[in-house]
Amino acid sequence: MRIGVDIGGTFTDLCAVDGTGITAVGKVLTTHDEPARAVEAGLAALLAESGIAAGDVEQVVHGTTLVTNALIERKGSRTALLATAGFRDVLEMRREHRYELYDLHLELPEPLVPRHLRFDVPERILADGSVHIGLDEEHVARLGRELAARGIEAVAICFLHSFTNPAHERRAAEVLAEVAPNLRVALSSDVVPEIREFERASTTVANVYVQNLTERYLRDLEHRLRRLGITGAPHIMLSNGGLATVDTAARHPIRILESGPAGGALAAASLGPADLLAFDMGGTTAKLCLIAGGAPLVTHQFEVDRKYRLLPGSGLPVQVPVTDMIEIGVGGGSIARIDALGLLTVGPDSAGSEPGPVCYGRGGAEPTVTDADLVLGYLDPGYFLGGDMRLDREAARNAIRERIAEPLGVSVEEAAWGIHTSVNEDMANAARVHAVERGQDPAKLPMYTFGGAGPVHGVGVARALGAPSVVAPPAAGVLSAAGFLTAPLAFDFVRSARAAVQDLAWEQVDTLFAEMEAEGTALLAKSGVDEVTHRRIAEMRYSGQGYEIRVPVHGGSWPDTLINEFTATYRALYRRTGPAVGVEVLNWRVVSSGPAPDVTLRLAASESPGDVHKGTRKAYFPSAGGFVDTAVFDRYRLKPGDRVDGPAIVEERESTVVVPPGAHCVVRADAGLEVTV
C-alpha cells in the first residue's frame, strides 16, 4: 500500500494505491498556517474510512506548494548575498529586459535580498577557471561576524564563473562557518553550477531563502507520519517528475518548487497515449502541460511570482529542472469581479480555502468560479466532497447577483455562464500558445483533464481549442496525488563547459559525464536504490544564438552523432534547420533514476450495489435554451463500455464531469470517462 499526498492552494488531496489499483481517495481543506496539519488529518481520515492499517503503508509520496508560496509571500529567512566585487546588483539589474516595452509603470518582483544586504567581495575567477584576484578572506570574515550580529539567518554566495572553478565559493563558506557557525550558507556552485550569472544568483538566493522553512516543515511531516503509525520515511516529489528523500529535498528545496503539478502530468502520461494535452484545474490555479513521446516535457527556465499575466520576464527566474507547463490564475476559487472598464474578469486572486468561495459558508463574500458552477447546476450542493461539505447555492446566487449580474444588467444565470465561459476561454488561449510554442497543434491532441474543477470545465476548454476528445481519468479530483506514485527516485546534475562541437575534447566530456553519474549513483544508493540508470543530455545551439535546446546524447561517433541529433531535435521544434554556422554546447546534463514503480492507476473494482442513475436536476446549457433536465450518474457504478449521452452529469466524490448537449462519453477499460466533443 502506497499513498500520495498533494497540498494545493485550496485542498489537500490523498490517494491510496495497492496492487489492484486505486483503493481509496481523500480531500480535505488545506491548512495554510500549518500545512502538515491537513496532511495528518487527511491521512487519519483516509486510513479510518478505508480500513487501511497504518503499518501496511509502505511509502508516502508528498508534493507541496510550500516553496512557491513562501517565495510569493516573502516568508523565508532573512538572507544576504555575497557576490564578486561589482556584481552585487545583478539581482536588481536582471537582464535589463522590459517585458512590456511601453508600460511606464512596469512592475517587477522585488529581489529576495534587499540592496543593503548584498555585498561585494574582492575576488575574481576568469571564464577559463584561472584566478585573476585572490579571495579576500579577512573581508569575508568581517562580513560573517557583522551578518551574525545583525540577525541574518542565511547567506547565498554567488561568485563569477564559480561553475568552472568553485574554489573561492567553497573557501568563503569555510570562513563563514568559522566566524558565524549558525549562518545557513548556499553556494551557487552546489545549487546550480551552470552559466548565466543572473539566473544562477536568483536560484541560489531562492534556495537558501526557503531552506529553513522547508526543512522545518519536512521534519514536522516526518514526525506526524510516525505519530500516525506510518514508519517509512516519506519521499518528496521533485519539480522534474522524480522523487527524492527528505534529506535531499531539505538540502535543495528549490527543486520541489513545482512538485504538485508534476504529479498530474506524470499520471496523465501513464494513462494516456504518447501525445496529449494534460489540463489540471484545482481550486487556485489551472495548469496545462504537453505530453510528448509518453513523457512530460521538462524545462530548466522557470519563473515564480510573475507580475504581469503570462509574460516571461516579469517574475523571479529559477534555473532548475521543472515539468514544462503553463500555469494561470484561474481555479475553482478564483474571484470574479467587474473591472474599471466595466468588463467581467476572473482571477488571478483566489478565495483559497480560507475563507473560500461564498458557497462554502466560511465567510467568503466575493463570487468565484465554484459559485458560478453551483448556480449553473453543474455541482450538487449536497454531494460536494461526497457530502462531507454542503454548499449554499442561495448565497452563491446572491453574491453573483450583487457583484456581477446587476452591474452588468443581466440575469444571475447569464452572469454565472459568463464566469464559466470566461475561464474556459482563458485556459484555451493559454493552452493554444503553450502548444504552438512547442511545435504542437492542440486541435489534434486529446485532452486529459483532472483536478477538482478540471472535469467540470474540460469539455468547454476542448471545444474552444477544437480538441477532438476529453478524458477524465480515474480519481480525476486527486490525480496529482496518484501521479506521485508513478515516479522513480531520480535527480539530475549539470556541468557548464562551453565549446564548439568540432573542438570538443571528448575525454573531458566523458570525464564530466562520469563524475555526474557517480554522484547520481551515490545519492540514490543512500535511498537504497541499487539499480540506477543514467540519461545523458547536451544543451546545444547554433553559434550566435542566445538560447539552447536539449539534445539526447547516445555516444557513438561523437561529432557527427551529436550534430545529427541536434539537427533532428531543432527541426522537430521549429520545422526548419538553422543557418550554415557552427554548433556549440553550453551544458552537459545527466538524469540519474532508479527503477519506475510497478503501479496501475485504475480504480479498484467497486462492489457497491445501486442504480447507476442518481436522478435528474436542472443544469444550464445555452445551446439547449437554458436550464434543462439533466441526467445525473454515479461514476462508481458505471462499467467499462457504458455510454452516457449529453446533457448529463457524472459525479464522483472529488470531481464532476459535465457532458453538454451534442456530446457523449464512454467508460474506458481503465475506468476513465472519454467525452467525444
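Computed from a predicted structure; not experimentally measured.

1. Here's the deal with the overall build of the protein chain
Part 1 of the reasoning: Regarding its fold elements, the protein chain presents 16 helices and 35 strands.
Part 2 of the reasoning: Here the C-alpha atoms of the protein chain give a radius of gyration of 26 Å, agreeing with the 26 Å that 2.2 N^0.38 yields for 677 residues.
Part 3 of the reasoning: Dimensions along the principal axes, computed over C-alpha positions, put the protein chain at roughly 80 × 60 × 55 Å.
Part 4 of the reasoning: Residues classed as buried in the protein chain amount to 57% of the 677 residues present.
Part 5 of the reasoning: A fraction of 69% describes how many contacts in the protein chain between residues 6 or more apart in sequence connect residues 24 or more apart.
Part 6 of the reasoning: Approximately 26,400 Å² of the protein chain is accessible, and the part contributed by carbon and sulfur atoms is 51%.
Part 7 of the reasoning: Placing the 64 positive and 87 negative side-chain charges of the protein chain at their respective mean positions leaves the two points 2 Å apart.

2. Some remarks on the sheet that holds strand E10 (residues 184-187)
Part 1 of the reasoning: Read from one edge to the other, the open sheet built from four strands follows the order E6-E5-E9-E10, with strand pairing classed as parallel. At either end of the open sheet lies a strand with only one pairing partner, and these are strand E6 (118-121) and E10. Direction aside, the axes of adjacent strands within the sheet are offset by 20° on average.
Part 2 of the reasoning: In the sheet, strand E5 (residues 79-84) pairs with strand E9 (residues 154-158) via five bridges, with the strands oriented parallel. Counted as the bridge partner of alanine 80 is valine 155 from E9.
Part 3 of the reasoning: The sheet contacts of helix H4 (residues 137-149) involve E5, E6 and E9, and relative to E6 the element is tilted by about 160°.
Part 4 of the reasoning: Its contacts with the sheet put helix H5 (residues 167-179) on E5, E9 and E10, and the angle it makes with E9 is roughly 155°.

3. What about the environment of tyrosine 378?
Part 1 of the reasoning: Structurally, tyrosine 378 can be placed in the loop between helix H10 (369-375) and helix H11 (393-408).
Part 2 of the reasoning: Sequence separation of tyrosine 378 and histidine 457 is 79 residues, and the distance between their C-alpha atoms is 9.9 Å.
Part 3 of the reasoning: Filtering out sequence-adjacent residues up to four positions away, tyrosine 378 remains in contact with Asp373, Trp417, His420, Val456, Arg617, Ala619, Tyr620, Phe621, Ile649, Thr656 and Val658.
Part 4 of the reasoning: There is a polar contact of 2.6 Å between the side chain of tyrosine 378 and the backbone oxygen of tyrosine 620.

4. Quick notes on the sheet that holds strand E28 (residues 583-593)
Part 1 of the reasoning: In spatial order, the strands read E25-E28-E26-E27; together these four strands make up an open sheet with antiparallel pairing. Either end of the sheet is taken by a strand with one partner, and the two such strands are strand E25 (490-500) and strand E27 (549-552). Recorded for the sheet is a direction-independent mean angle of 25° between the axes of neighbouring strands.
Part 2 of the reasoning: The pairing of strand E26 (residues 533-542) with E28 spans ten bridges and is classified as antiparallel. Each bridged residue has a counterpart across the sheet, and for threonine 533 the counterpart in E28 is serine 593.
Part 3 of the reasoning: Sheet strands in contact with helix H15 (residues 506-525) are E25, E26 and E28, and its direction is about 25° off that of E28.
Part 4 of the reasoning: Along the sheet face, helix H16 (residues 558-574) touches E26, E27 and E28 and points at about 130° away from the line of E27.

5. Topic: the pattern of salt bridges
Part 1 of the reasoning: Within this structure, the stated rule accounts for 43 salt bridges.
Part 2 of the reasoning: Between arginine 397 and glutamate 413 there is a salt bridge, and its shortest N-O distance comes to 2.6 Å. Taken together, the positions of arginine 397 in helix H11 and glutamate 413 in helix H12 (residues 412-437) put the pair 16 residues apart, joining distant regions of the chain.
Part 3 of the reasoning: The exposure class of arginine 397 is buried, given its relative accessible area of 16%.
Part 4 of the reasoning: By sharing partners, the salt bridges in this structure join Asp33, Glu34, Arg37, Glu40, Asp220, Arg224 and Arg227 into a single network.

6. Section: the packing of aromatic side chains
Part 1 of the reasoning: One pass over the full model with this rule turns up twelve aromatic pairs.
Part 2 of the reasoning: Through pairs of rings, three or more aromatic residues link up here, namely Tyr542, Phe566, Tyr570 and Tyr574.
Part 3 of the reasoning: When the ring centre of tyrosine 383 is taken as reference, the NZ or CZ atom of lysine 614 above it lies at 3.6 Å.

7. Some words on the state of the cysteines
Part 1 of the reasoning: Tallying each qualifying case throughout the model produces zero disulfides.
Part 2 of the reasoning: Counting only cysteine sulfurs, cysteine 15 is the nearest neighbor of cysteine 289, a cysteine outside any disulfide, at a range of 19 Å.

8. Details of unusual backbone geometry
Part 1 of the reasoning: Look at the link from glycine 646 to proline 647: it is a cis peptide, with omega at 0°.
Part 2 of the reasoning: Within the secondary structure, proline 647 is located in the loop between strand E31 (643-645) and strand E32 (648-651).
Part 3 of the reasoning: Positive phi values are uncommon outside glycine, yet glutamate 96 reaches one of about 55°.
Part 4 of the reasoning: Here glutamate 96 shows up in the loop between helix H3 (90-93) and E6.
Part 5 of the reasoning: Using a relative accessible area of 67% as the deciding quantity, one classes glutamate 96 as exposed.
Part 6 of the reasoning: Phi angles above zero are rare outside glycine, and arginine 575 is one such case at about 60°.
Part 7 of the reasoning: Take arginine 575: it is sitting in the loop between H16 and E28.

9. Looking at H15
Part 1 of the reasoning: The end-to-end C-alpha separation of H15 is 28 Å, in line with the 28 Å expected for 20 residues at 1.5 Å each.
Part 2 of the reasoning: Burial in H15 covers these residues: Trp506, Val509, Leu512, Phe513, Met516, Glu517, Gly520, Leu523 and Leu524. For H15, the buried positions fall inside an angular range of 125° around the axis, keeping them on one side.
Part 3 of the reasoning: Buried residues in H15 make contact with helix H8 (246-251), E25, E26, H16 and E28.

10. Let's talk about H16
Helical geometry note: an α-helix holds 3.6 residues per turn, so side chains three or four residues apart project in the same direction.
Part 1 of the reasoning: Counted at 1.5 Å a residue, the expected span for H16 with its 17 residues is 24 Å, and the 24 Å between its end C-alpha atoms agrees.
Part 2 of the reasoning: Of the positions making up H16, those classed as buried are Trp558, Leu562, Phe566, Thr569 and Tyr570. Viewed end-on, H16 has its buried residues packed into an arc of 100°, placing them on one side of the element.
Part 3 of the reasoning: Downstream of H16 by a residue or two, arginine 575 has a phi angle that is positive, lying close to 60°.

11. Details of the nonpolar core
Part 1 of the reasoning: Within the largest apolar cluster, 104 residues are counted, with the highest numbers of intra-cluster contacts made by Leu71, Leu82, Ile157, Ile254, Met540, Leu562 and Trp588.
Part 2 of the reasoning: When residues of this core are assigned to their parent elements, the largest contribution, twelve residues, is made by helix H7 (residues 197-228).
Part 3 of the reasoning: One finds Val369, Leu391, Ala405 and Leu445 within the second-largest nonpolar core, a separate group that totals 70 residues.

12. Topic: the packing of H15 against H16
Part 1 of the reasoning: At a minimum axis separation of 12 Å, H15 and H16 run at an interaxial angle of 65°. Taking contact as the criterion, the partners of Trp506, Val509, Asp510 and Phe513 in H15 are, on H16, Trp558, Pro559 and Leu562.
Part 2 of the reasoning: Classifying every residue of the contact of H15 with H16 by side-chain character gives six nonpolar, no polar and one charged.

Cut-offs and rules
- Residues numbered from 1 in each chain as written.
- Predicted model: local features only at pLDDT ≥ 70, side-chain atom pairs only at ≥ 80, totals over all residues.
- Heavy atoms only, no water.
- Helix = DSSP H or I, 4+ residues; strand = E, 2+ residues; numbered from the N terminus.
- Rg over C-alpha atoms; globule rule 2.2 N^0.38 Å.
- Buried < 20%, exposed > 50% of the residue type's maximum accessible area, 1.4 Å probe, protein only.
- Contact = heavy atoms within 4.5 Å.
- Areas by Shrake-Rupley, 256 points an atom, 1.4 Å probe, with all protein chains shown as cover.
- Lys, Arg positive; Asp, Glu negative; His and termini not counted.
- Charge placed at Lys NZ, Arg CZ, Asp CG, Glu CD.
- Pairing = 2+ DSSP bridges.
- Axes fitted to C-alpha atoms, helices over the stretch in contact; angles between N-to-C directions.
- Polar contact = N/O pair within 3.5 Å; in protein donor to acceptor, adjacent residues only side chain to side chain.
- Salt bridge = Lys/Arg side-chain N within 4 Å of Asp/Glu carboxyl O.
- Phe/Tyr/Trp six-rings, centres within 6.5 Å; stacked < 30°, edge-to-face > 60°.
- Lys NZ or Arg CZ within 6 Å of the ring centre and 35° of its normal.
- Disulfide = S-S within 2.5 Å.
- Expected span 1.5 Å × (residues − 1).
- Arc of directions from axis to C-beta.
- Core = buried A, V, L, I, M, F, W, Y, C linked by side-chain atoms within 4.5 Å.
- Nonpolar A, V, L, I, M, F, W, Y, C, P; charged D, E, K, R; others polar.

Honestly, that's just the spatial picture; any functional story needs more than this.
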